[in-house]
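Residue strings, one per chain:
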Amino acid sequence: MTPLSVTARGYGWTHAGRTRPAFSGLDLHIEAGQRVLLAGASGVGKSTLLHAITGVLPAVSGDATGSLLVGDAPPAASRGAAGLVLQDPDSQVILARVGDDVAFGMENLGLPAEKIPERVRTALETVGLPVEPDHPTLALSGGQKQRLAIAGVLAMKPGVIVLDEPTANLDPDAVHSVRDAVLAAQARSGATMVVVEHRLEIWAPHVDRILVLGPEGLLADGDPNTVLGDMRLRDCLQAAGLWLPGAVPGIAYTPTTRGEEMLCAKDITVARPGAEPVATVSAQVRAGRALALTGPNGSGKSTTALTLAGLIPEDAGTVTASQSLLAGPHRPKCAQPSQWKSRSLVTRIGMVFQEAEHQFLRHTVAEELAFGPRQAGYSKTQIQARVDELLERLKLDRLAQAHPQTLSGGEKRRLSVACMLTAAPQVLIVDEPTFGQDALTWRELTKMFAEELALDRAIVAVTHDEAFAHALSADRLDFNGPSAVPAQENNPAEAINSVHVHDEGGEASHV
Amino acid sequence: MSESRMLPVGSVQPMTRRKTRPAQDFLIPLRRPTQVSRANPVAKLAAVLILMMGVLLSIDLVSATVMLLLLLAIGLPASGLDVGAMLRRLWVLPVAAVIAGWATAIMAAKTGTVLVELGPYLITLGSLEAGAAITVRSLALALPGIVVAATTDPTDLADGLVQHLRLSERFVLSALAAARLVTLFIEEWKTLVLARRTRGAGADSLFSRATAIVPLAFALLVQAIRRGARLAMAMEGRGFGTQARTWSRASRFHARDAWLVITATCFSAASIGVAVMVGTWQLILT
């Protein structure tokens, strides 16, 4: 298909059940074949606009005003002319075999069966996924799944390719390969490309135009150099939570002591229940210090975190809690956290999971926050005081009565951390807390963790986010090496590629 | 960097993975592809129906025994499935079949010689025979279904259902895509259990483990709806449901499919034939 233009005239969208529109009065013309980066604050309707362009926005989910055209037709009439790539790799794999998954879109468009295998092969080659067509999609990594989705869209030869934060759920190594796959697919098809992303530096050098969406039309529109070089715009972009290229987050916390040891693991073997052991780990978790578990996917970081959190049993060896961690109400009978009762655990070691929704148990934000301390047997007044304090600290006070599942992504993330903090655990273990977050949420989270560290709590973070580990001055436990690599001074995990590089002292930066 | 900036905090040694996964493992691992395992799913379904006729038309012991022996001696080896793994994973089925037989033996009409009399438990030759027939029959019924489930790729089944049996494309493809999410839901369930434990709502006793199932199931349902909606959007984003669709994978019949159906017919004929010759055959509902 030839590239198609996208034209909006006074276009707006109001979600069903809301009074205020997500955005309104949008006037926009994207030339056929243009590469556009669409940015804007969380909740401003970027995803909605992408869904509208693709024609997958259900008419019952809200009301549109004005007009939106893809080429010369409304998008719903030409569904399939625009291909959509979403953020979550797991939710967009459709079929069990790679070849079938790529073929899915072409079959839907009614392409003759004999033309399909050749196009599948070309598409997989273009995105750099050289596997056999019968390769199981289950065996692909997150980055490979995203490349598979891009191949599926490319093979349809769409007039427009739209991508909704295609790299937000990926680790830094995969971000660039997926971006390159998108660019290769765009170059091959010549299709118009619209990508939403809040980390501008990933795409800025590779697009023709940056659009910044606000609640009432566009806040900025121009080529990347003009938009990013405009000093008056910078504050506005930063306020919208965008990651500007070259912006350097500072240090939020520096430990002052070695810290008392809270948890100690000596040569423990970690494994998911029923699965094979993945690593042998020694680690000390110290009060008032952050410990970053870094390294590639599948190396056992998350398994180690779950083991330290007392959520899964050690495969061999034991994690030992210190006397000061054992002290307090509901004192555990032994020093091994995986053997503790749940209510002993909640005031001692808390775990924040990667997906915030997994953590929610109650119907309102306030109840969610009160749940942990109630399980731990705190008094009513104590609970109320903790809840109020955290609501205020996290700027969630006006949402106290909202249902946790209705919050925005950033709010959910903050709540999932806060609901672990209300029971005041001495050790907080977090899995990729900053994944996919905009710069505002990132700063809020870093501040929260820094405050906890200052209260002499210990933090263990599984993270690919070099800036985050740096901001908390974290000690490193690196899961990279093929043999034992003791984390030591001046070893800032060189092997990790970081997209948001910074270093305050002009020391070696690691890109 | 000051002394307190970075501390040596431990070490990590990765472990090498030992096991390799079998090429195919839907329910039971496949040892080697065979004519049966590679047969067209529609032919497999036809064979299952025919085999069921052989066991369901009468409730006598002889027809079911002949069928079970044929399936164990010829059918199971020809499927290429790992029988050891099958027993380890599905041992509960033969146990259930024996329990069902035992219950029948106690409940059935007491005819013939008394074999066991223990208070209320009275088993006679006649009731024992009825019980044995139930045990053997349930096994003979279950086996073909297990083989089909364990040797059939869901995608191939979907292709066959749409192209030969003319089932709705939209329905079959949606079901196929949704079935893939089941693996994700198993993982999510495990995560939800851990998340409850860390929040202080963990199941420490057997009782709390039982009562935790309802909120867990609800939480999983919420996740399932969210994932389902996202999957639907991904499918529509690739033009699903816009127009008449083509199928790049043609579902074809081969000689082996005919042989599978013929063999199934022979098995049914043999089990019915032997029962008729021995004189135990009795058509149900007569």
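Rules behind the numbers
Residues numbered from 1 in each chain as written. Chains lettered and ligands numbered in written order. Predicted model: local features only at pLDDT ≥ 70, side-chain atom pairs only at ≥ 80, totals over all residues. Heavy atoms only, no water. 1 Å grid on protein atoms, 1.4 Å probe; cavity = no way out; pocket = protein on both sides within 12 Å on 5 of 7 lines; lining within 4 Å. Points joined across faces, edges and corners; volume = space filled by probe spheres on them. Helix = DSSP H or I, 4+ residues; strand = E, 2+ residues; numbered from the N terminus. Nonpolar A, V, L, I, M, F, W, Y, C, P; charged D, E, K, R; others polar. Buried < 20%, exposed > 50% of the residue type's maximum accessible area, 1.4 Å probe, protein only. Pairing = 2+ DSSP bridges. Patch = residues over 30% accessible without salt bridge, like charges linked within 9 Å, V, L, I, M, F, W, Y side chains within 5 Å. Areas by Shrake-Rupley, 256 points an atom, 1.4 Å probe, with all protein chains shown as cover. Salt bridge = Lys/Arg side-chain N within 4 Å of Asp/Glu carboxyl O. Axes fitted to C-alpha atoms, helices over the stretch in contact; angles between N-to-C directions. Contact = heavy atoms within 4.5 Å.

Peer 1: Explain empty space enclosed by the protein here, please?
Peer 2: In this approach a probe as big as a water molecule rolls over the atoms, and the regions it shows empty are the leftover space. All names here are of chain A. On inspection of all chains with the given rule, the structure shows two cavities of 30 Å³ or more. Around the second largest cavity sit Leu-28, Ile-30, Leu-38, Leu-49, Ile-53, Val-194 and Leu-211, which together line it. Of all the elements in the fold, those that place two or more residues in the lining of the second largest cavity are β2 (23-30) and α1 (46-54). For the lining of the second largest cavity, the per-class residue count stands at seven nonpolar, no polar and no charged.

Peer 1: Help me understand the pairing of strand β12 (residues 290-294) of chain A in this model?
Peer 2: Along any regular strand the residues' side chains alternate between the sheet's two faces. Residue and element names in this part refer to chain A. Most of β12 sits out of view: five of its five residues are buried. Of the two faces of β12, the one holding Ala-290, Ala-292 and Thr-294 and the one holding Leu-291 and Leu-293 are both buried throughout. The sheet contact formed by β12 and strand β16 (residues 458-462) spans four bridges and is parallel. If you follow Leu-293 over to β16, its bridge partner there is Val-462. Alignment of β12 against strand β17 (residues 475-478), held across four bridges, turns out to be parallel. Bridge pairing in β17 places Leu-291 opposite Asp-475.

Peer 1: What's the story with a nonpolar patch on the surface in this structure? I'm lost.
Peer 2: Residue and element names in this part refer to chain B. Nonpolar side chains collect at one region of the surface, where Leu-115, Val-116, Leu-118, Tyr-121, Leu-125 and Leu-128 lie side by side and expose about 550 Å² of accessible area between them. Put simply, the parts of the chain that give the nonpolar patch at least two residues each are β2 (114-118) and α5 (125-151). For the nonpolar patch, the element with the highest residue contribution is β2, accounting for three residues. Position of Leu-125 relative to the elements: it lies in helix α5. Owing to a relative accessible area of 46%, Leu-125 belongs among the partly exposed residues under this scheme.

Peer 1: What is the right way to look at the sheet that holds β17 of chain A in this model?
Peer 2: All names here are of chain A. Ordered by their spatial adjacency, five strands build an open sheet running β14-β15-β16-β12-β17, and the pairing between neighbours is parallel. What marks the edges here is a single partner per strand, and that holds for β14 (349-352) and β17. The average angle at which neighbouring strand axes cross in this sheet is 15°, direction not considered. Across the sheet, helix α15 (residues 439-454) lies against β12, β15 (427-431) and β16, angled at about 145° from β16, the strand it touches most.

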